[in-house]
Amino acid sequence: MVTIDIRKNVELIRNSIEEGAAKSGRQAHEIKLIAITKNHAVEEMVTAIRDAGIMYIGENRVQEAQTKICSWPEEVQAQWHLVGHLQRNKARKALEIFHTIQSLESESLAERLERICVEMNRTVQVLLEVNTSGETSKHGVAPKDVQALLDFVIEKCPSLHVAGFMTVGPLTDDENRVREAFALLRNLRDDLSSSTGVSLPELSMGMSGDFQWAIEEGSTMVRIGTAIFGPRSY
Ligand SMILES: *Cc1c(COP(=O)(O)O)cnc(C)c1O
């Protein structure tokens, strides 16, 4: 059996983040490391938080996060982000668990989240998920439709605070294509931020295989699973 040294892995990633930040003229602390914990156990998550200083965790499924919360040690704190597709009928549960919903991709989901936030008398941070690669298997709103969704959320959903955009890069080793997708997200953000006057500081892009490119293209949140916890077993 291979032992995974979570602490060592996180240290290596933080070094890469520092390098990438320097290359893009930024400080490492401007880039959040979100540990993606799908298919990993609560014990591994707690190790990452306690021993490796992880502050943000990302889950793909509401159901899995809910199960984990049931055996979560009360004294261990982290900020929970939902990074996977959210079905409308799970919106309420999601709002009970997550600080940030990174996968907002439709007006109907925004409407539902807004209605429940009003009921709960709270607000929630959201990112709009954009399909920057055009791959049909990917979730997210098409780049040409981002403006309409952003306008809708700004005008109709005062309980949802849009902090920026999220994307999953194309599944390829072709550095140029991957960087193009990340640059597209950054340019969209720059354009829409200036046209709406909303600041949109966050760009959630970059995973284990491509986070260094993402940082050089302006990422402020890298979502990393495999490089921290090793391969997932299903
Ligand atoms: C699984 C997942 C990640 C992490 O992927 P790794 O390659 O394991 O780092 C990041 N973002 C999303 C949306 C994911 O589903």
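Residues numbered from 1 in each chain as written. Predicted model: local features only at pLDDT ≥ 70, side-chain atom pairs only at ≥ 80, totals over all residues. Heavy atoms only, no water.

**Structural notes on the overall build of the protein**
To keep it simple, the criterion reads: Only runs of H or I of at least four residues qualify as helices and only runs of E of at least two qualify as strands under DSSP, and these elements are numbered from the N terminus. Restricting the calculation to C-alpha atoms gives the radius of gyration, and the globule rule supplies 2.2 Å times the number of residues raised to the power 0.38. Residue exposure (1.4 Å probe, protein chains only): buried if accessible area is under 20% of the type maximum, exposed if over 50%, otherwise partly exposed. Residue contacts follow a heavy-atom distance rule, with two residues in contact if any of their heavy atoms lie within 4.5 Å.
Looking only at helices and strands, the protein has nine helices and eight strands in total. Over its C-alpha trace the protein gives a radius of gyration of 17 Å, about what one expects of a compact globule, namely 17 Å for 234 residues. Dimensions of the protein along its principal axes, counting C-alpha atoms only, are 50 × 40 × 30 Å. Put simply, the protein has 234 residues, and 50% of those count as buried. Long-range contacts, defined here as pairs at least 24 residues apart, represent 62% of the contacts in the protein between residues at least 6 apart.

**Re the site of the ligand**
Condition: When we say a residue is near a molecule or strand, we mean one of its heavy atoms is within 4 Å of it. Nitrogen and oxygen atoms within 3.5 Å of one another constitute a polar contact, given that in protein one can donate a hydrogen and the other can accept it, and given that sequence-neighbouring residues count only through two side-chain atoms. Method for areas: the Shrake-Rupley scheme with a 1.4 Å probe, in which residue coverage is limited to the protein chains shown. The definitions used throughout rest on a 1 Å grid laid over the protein atoms alone, on which a cavity is an enclosed set of points accommodating a 1.4 Å probe that cannot get out and a pocket is an open set flanked by protein within 12 Å on both sides along at least five of seven lines; lining residues are those having an atom within 4 Å of a point. Any molecule with more than half of its atoms within 2 Å of a cavity's or pocket's grid points is counted as sitting in it. In this count, Pro and Cys sit with the nonpolar residues alongside Ala, Val, Leu, Ile, Met, Phe, Trp and Tyr, while Asp, Glu, Lys and Arg are called charged and the others, Gly among them, polar.
The immediate surroundings of the ligand are formed by Ile36, Lys38, Asn60, Val83, Val168, Met207, Ser208, Arg223, Ile224, Gly225, Thr226 and Arg232. Between an oxygen atom of the ligand and a side-chain N or O atom of Thr226, the distance comes to 2.6 Å. The fraction of the free accessible surface of the ligand (390 Å²) that becomes covered by protein chains is 87%. In this structure the site holding the ligand corresponds to the largest pocket. Tallied by class, residues from the shell around the ligand come to five nonpolar, four polar and three charged.

**Quick notes on the layout of surface pockets**
Put simply, the rule reads: Grid points are joined across faces, edges and corners, and a volume is the space filled by probe spheres set on the points.
There is about 760 Å³ of room inside the largest pocket. Along the wall of the largest pocket there are 32 residues; nearest its centre are Lys38, Lys138, Val168, Met207 and Arg223. A breakdown of the residues in the lining of the largest pocket according to their chemical character gives eleven nonpolar, twelve polar and nine charged. Looking at the second largest pocket, its volume works out to about 170 Å³. Lining of the second largest pocket is provided by Arg14, Ile17, Glu18, Ala28, His29, Ile31, Lys32, Leu33, Gly53, Met55 and Tyr56. Ranked by residue count, the leading element in the lining of the second largest pocket is helix 1 (residues 6-23), at three residues. Along the lines of polarity and charge, the residues of the lining of the second largest pocket split into six nonpolar, two polar and three charged.

**Topic: the packing of aromatic side chains**
The line we're drawing: The pairing test for Phe, Tyr and Trp rings, Trp by its six-membered ring, is centres within 6.5 Å, and the orientation test on the planes gives stacked under 30 degrees, edge-to-face over 60, and tilted for anything in between.
One pass over the structure, following the stated rule, counts one aromatic pair. Between Trp72 and Trp80, the aromatic rings sit 5.1 Å apart at their centres with planes inclined by 70°, giving edge-to-face as the arrangement. You can call Trp80 buried: its relative accessible area is 7%.

Distances and angles like these do not, on their own, reveal function.
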